[in-house]
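Summary of structural features
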Amino acid sequence: MNGKRISTGIRGLDLMLRGGLIPGRTYLVKGAPGTGKTTLAVHFAMAGVANGEDVLYVTLEEPADNIRADMTKMGFNLNDSRFTLIDATPTSERYVLVEDFFESFAGSMEKMTQAIKEKLRERRYTRIVLDPITMLKFTSPEEIEYRRAFLSFVKSMGKMGATVLMTSEFQRTDIEEYLVSGVIELKMFDIQGTLYRGLKILKFRGSGFDHSMRPYKITSRGMVVYHDRVISLP
Ligand SMILES: Nc1ncnc2c1ncn2[C@@H]1O[C@H](COP(=O)(O)OP(=O)(O)OP(=O)(O)O)[C@@H](O)[C@H]1O
Ligand SMILES: [Mg+2]
């Protein structure tokens, strides 16, 4: 193993990554709805908490209450004081809110960068999750602007020493994939009525990695990745 690595919280995935993620960098997890992006992100967050780190989780589409309920069922303790969950989902009752996190975080990539920088001044979060960034792209009128803002975000987080995991529902995430340090893809196949799930690392700067697609499961205890198996189709 080369250099210091941090755990994703999923043993099989750590092994595919040759020991875990390289800290202080930004990673993308992409997959269709229901593939397990949030589950993987919560594993990553809780591995930080277990390691004594402060973790910031920004949810942009699924209300925080739902994440709390679903992830508690899987055995995660989201009430740990080292874990901060920010609900940046749009709300129809904005006028009753004291703090409008939707505007400050989800308004644009620039706003997200500023809002997170501010949070980092309050506490030295070493792991940050943005789940998902899918819609942020549409807040920029021009692709070049989004690209710049995205790169500036990645650089800022690196400078502050935070490891960032972002999720996206898009199949095509070209800009993001170029600019992040690693990409993990979650796939689901329906073959003759049976559901198959497969995880593949598409890119991991600065490290060797397992290039195969490996089967994974989502269970009542979270995600399990079978690093030494192959998907056997009928
Ligand atoms: N206890 C459980 N046992 C088995 N599967 C479960 C369990 N709890 C949740 N799941 C499965 O986990 C998947 C949802 O995972 P998750 O919310 O992490 O996906 P996601 O990619 O974030 O989805 P979305 O795009 O909708 O945000 C669903 O397919 C659901 O059926
Ligand atoms: Mg999700």
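Below is a summary of the structure that appears in this document. (Residues numbered from 1 in each chain as written. Chains lettered and ligands numbered in written order. Predicted model: local features only at pLDDT ≥ 70, side-chain atom pairs only at ≥ 80, totals over all residues. Heavy atoms only, no water.)

Considering the overall build of the chain
Using the following cut-off: Here a helix means four or more residues in a row that DSSP labels H or I, a strand means two or more in a row labelled E, and each is numbered from the N terminus. For this measure, only C-alpha atoms enter the radius of gyration; the expected value for a globule follows 2.2 Å times N^0.38, where N is the number of residues. Accessible area is worked out with a 1.4 Å probe on protein chains only. A residue is then buried under 20% of its type maximum, exposed over 50%, and partly exposed in between. In this charge count, Lys and Arg are treated as positive and Asp and Glu as negative; neither His nor the chain ends contribute. Charge positions are represented by NZ for Lys, CZ for Arg, CG for Asp and CD for Glu.
Along the backbone of the chain there are 7 helices and 9 strands. In terms of overall dimensions, the chain is globule-like: its C-alpha atoms have a radius of gyration of 17 Å, near the 17 Å expected for 234 residues. Each of the three principal axes of the chain carries a C-alpha extent, and together these read 55 × 40 × 35 Å. By residue count, 50% of the 234 residues in the chain fall in the buried class. Put simply, the chain has 33 plus and 28 minus side-chain charges, and the middle of one group is 8 Å from the middle of the other.

Remarks on the environment of I201
For the record, the criterion: What makes two residues a contact is simply this: any of their non-hydrogen atoms within 4.5 Å.
Mapping I201 onto the fold places it in strand β7 (residues 194–204). Judged by relative accessible area, I201 falls into the buried class, the value being 2%. Note: C-alpha distance between I201 and S212 (11 residues apart in sequence) is 7.7 Å. In contact with I201, other than residues within four places in its own chain, are L13, M16, L17, V183, I184, F209 and D210.

Observations concerning the packing of helix α5 (residues 109–122) against helix α6 (residues 143–159)
We apply this condition: What counts as an axis is a line fitted to C-alpha atoms, over the stretch in contact for a helix, and the angles between N-to-C directions run from 0 to 180 degrees. Orientation labels follow simple angle bins: below 35 degrees gives roughly parallel, above 145 gives roughly antiparallel, 65 to 115 gives roughly perpendicular, and whatever is left gives oblique. Each crossing gets its hand from how the near helix is turned against the far one by less than a right angle, where anticlockwise is left-handed and clockwise is right-handed.
At a closest axis distance of 9 Å, the pairing of α5 and α6 adopts a crossing angle of 15°. In terms of orientation, α5 and α6 fall into the roughly parallel class. The hand of the α5/α6 crossing is left-handed. Counted together, M109, E110, M112, T113, I116, K117 and L120 of α5 and A149, F150, F153, S156 and M157 of α6 form the full contact between these two elements.

Observations regarding the sheet that holds strand β5 (residues 163–168)
This is how it is decided: At least two bridges found by DSSP between two strands is the condition for calling them paired.
Ordered in space as β3-β2-β4-β5-β1-β6-β7-β8-β9, the 9 strands form an open sheet in which the pairing is mixed. One side of each edge strand has no neighbouring strand; the edge strands of this open sheet are β3 (83–87) and β9 (222–225). With strand direction ignored, the average angle separating the axes of adjacent strands in the sheet is 20°. Across the sheet, α6 is in contact with β1 (26–31), β4 (127–131) and β5; its angle to β5 comes to roughly 150°.

Topic: the site of ligand 1
Where we set the bar: In this text, near means that some heavy atom of the residue lies within 4 Å of the molecule or strand in question. Polar contacts, as used here, are pairs of N or O atoms within 3.5 Å; protein pairs need one atom able to donate a hydrogen and one able to accept it. Residues neighboring in sequence count only if both atoms are side-chain atoms. Note on residue classes: Ala, Val, Leu, Ile, Met, Phe, Trp, Tyr, Cys and Pro are nonpolar, Asp, Glu, Lys and Arg are charged, and everything else, Gly too, is polar.
Near ligand 1 lie 14 residues; those nearest to it are G34, G36, K37, T38 and T39. At a separation of 2.9 Å, an oxygen atom of ligand 1 approaches a polar backbone atom of G34. T38 places a polar side-chain atom, nitrogen or oxygen, 2.8 Å from an oxygen atom of ligand 1. Counting residues per element, the ones that place at least two in the shell around ligand 1 are α2 (37–50) and β8 (214–219). The residue inventory of the shell around ligand 1, partitioned by class, reads 4 nonpolar, 7 polar and 3 charged.

Quick notes on helix α3 (residues 64–73)
The condition that has to hold: Note that the arc is defined by the directions from the helix axis to the C-beta atoms.
Within α3, burial applies to A64, I67 and M71. One side of α3 holds all its buried residues, which, seen down the axis, span an arc of 55°. Residues D65 and K73 are exposed on α3 and point more than 90 degrees away from its buried face. Looking at the buried residues of α3, the elements they touch are α2, β2 (55–59), β3 and β4. Following α3 by one or two positions, G75 has its phi on the positive side, about 95°.

Topic: the packing of aromatic side chains
This is how it is decided: For this analysis, a ring pair means two rings from Phe, Tyr or Trp (six-membered ring only for Trp) whose centres lie within 6.5 Å, classed as stacked if their planes differ by under 30 degrees, edge-to-face if by over 60, and tilted for the remaining angles. Geometrically, a charge over a ring is one whose NZ (Lys) or CZ (Arg) sits within 6 Å of the ring centre while staying within 35 degrees of the ring normal.
What the rule picks out here adds up to 5 aromatic pairs. Taking 5.7 Å as the distance between ring centres and 65° as the angle between the ring planes, the aromatic pair formed by F101 and F105 counts as edge-to-face. You can see F101 and its partner F105 sitting in helix α4 (residues 101–106), 4 residues apart, about one turn around the helix. The ring of F44 has R127 sitting right over it, with the charged end atom 4.8 Å from the ring centre.

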